[in-house]
Amino acid sequence: DVKVTQSSRYLVKRTGEKVFLECVQDMDHENMFWYRQDPGLGLRLIYFSYDVKMKEKGDIPEGYSVSREKKERFSLILESASTNQTSMYLCASSFWQALTYNEQFFGPGTRLTVL
Amino acid sequence: DAKTTQPPSMDCAEGRAANLPCNHSTISGNEYVYWYRQIHSQGPQYIIHGLKNNETNEMASLIITEDRKSSTLILPHATLRDTAVYYCIVRGNAGKSTFGDGTTLTVKP
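Being a predicted model, the structure only gives us computed values, none of them experimental.

Moving on, we get to the overall build of chain A. A count of helical and extended segments in chain A gives zero helices and eleven strands. N-terminal to C-terminal, the α/β element order of chain A is β-β-β-β-β-β-β-β-β-β-β. Compactness check: chain A gives a C-alpha radius of gyration of 13 Å against a globular reference of 13 Å for 115 residues, within 12% of the reference. Taking the principal axes of its C-alpha atoms as reference, chain A extends roughly 40 × 30 × 25 Å. In chain A, the proportion of contacts linking residues at least 24 apart, taken out of those at least 6 apart, comes to 56%. Split by element, the accessible area of chain A, about 5,600 Å² in all, is 52% carbon and sulfur. Each charge sign in chain A was given a centre, from 15 positive and 15 negative side chains, and these centres are 7 Å apart.

Right, dumping it as structure tokens:
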């Protein structure tokens, strides 16, 4: 089974702290994604990566950065956490196959609270 | 990527078929229809996808209208464990996809 793991299920940080969220997948997937999920707003794409050291902005990249130094690991970085970044963060990965066929596998999520 | 519209909530009796509709009237020719579901406190789980033909797998069936402007996900014998939020998305770009609010399906005994 494909496994996507995230470093923490729950995280509490203070405003202004630098926060790292880690995601690891074990299926040699090319694509990796970071989403945030908020009530009434669904899942929104923050950043994605289709190869090592490659990254693309999603719909809401402001206040975030990412790092993909190894194929299996995709990190989401909050340079200076703010209260409006309190959310559920979901990582996903997928194979790069045909342009339109790429089932995404999701991790369990990290619920981040910024105080 | 095309936008989708789903009812916010639906109920279904246990053992009956659950039919979840989705409108995607602006879908373009190379965009697939995907369905995911999210059970409380877990990440979304892939269910099924299709382009224009109807599809069936061990979890569900997907019926896509001939004009491709709408689709229906069918869970043939719903169980209490199928209670979840169901997302319909359409995607033509390998990188990005946008999830809406989905349909909250409640299966009742």
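Tallied over the full model, the rule gives two disulfides over all chains. Here A:C23 is linked by a disulfide to A:C91, with a sulfur-sulfur distance of 1.9 Å. Judged by the torsion about the S-S bond (-75 degrees), the A:C23/A:C91 disulfide is left-handed. Residue A:C23 is located in strand β3 (residues 19-25), and its partner A:C91 is located in strand β9 (residues 87-94); the two are separated by 68 residues in the primary sequence. No disulfide involves B:C12; its sulfur sits 18 Å from the nearest other cysteine sulfur, which is in B:C22.

Our next topic: the nonpolar core. By size, the foremost hydrophobic cluster in this structure holds 21 residues, and its most contacted members are B:W35, B:L73, B:Y86 and B:L105. Listing elements by their share of this core, those giving two or more residues are β2 (18-23), β3 (32-38), β4 (45-50), β6 (61-64), β7 (70-75), β8 (84-91) and β9 (103-108) of chain B. At four residues, β8(B) tops the list of elements feeding residues into this core. Apart from the residues lying within four places of it in its own chain, the contact partners of B:L73 are B:A18, B:N19, B:L20, B:W35, B:I47, B:I48, B:A60, B:S61 and B:Y86. Membership of the second largest hydrophobic core comes to 20 residues, among which are A:L21, A:W34, A:I46 and A:V66.

The next point concerns the pairing of β8(B). Residues and elements named next belong to chain B. Burial within β8 is extensive, with seven of its eight residues counted as buried. Strand direction decides the pairing type here: β3 and β8, joined by seven bridges, are antiparallel. Looking at β8, one finds that Y34 is bridged to I89. Note that β8 and β9 share three bridges and pair antiparallel. Looking at β9, one finds that Y86 is bridged to T103.

What counts and what doesn't
- Residues numbered from 1 in each chain as written.
- Chains lettered and ligands numbered in written order.
- Predicted model: local features only at pLDDT ≥ 70, side-chain atom pairs only at ≥ 80, totals over all residues.
- Heavy atoms only, no water.
- Helix = DSSP H or I, 4+ residues; strand = E, 2+ residues; numbered from the N terminus.
- Rg over C-alpha atoms; globule rule 2.2 N^0.38 Å.
- Contact = heavy atoms within 4.5 Å.
- Areas by Shrake-Rupley, 256 points an atom, 1.4 Å probe, with all protein chains shown as cover.
- Lys, Arg positive; Asp, Glu negative; His and termini not counted.
- Charge placed at Lys NZ, Arg CZ, Asp CG, Glu CD.
- Disulfide = S-S within 2.5 Å.
- Core = buried A, V, L, I, M, F, W, Y, C linked by side-chain atoms within 4.5 Å.
- Buried < 20%, exposed > 50% of the residue type's maximum accessible area, 1.4 Å probe, protein only.
- Pairing = 2+ DSSP bridges.

On their own, these measurements won't tell you what the molecule is for.
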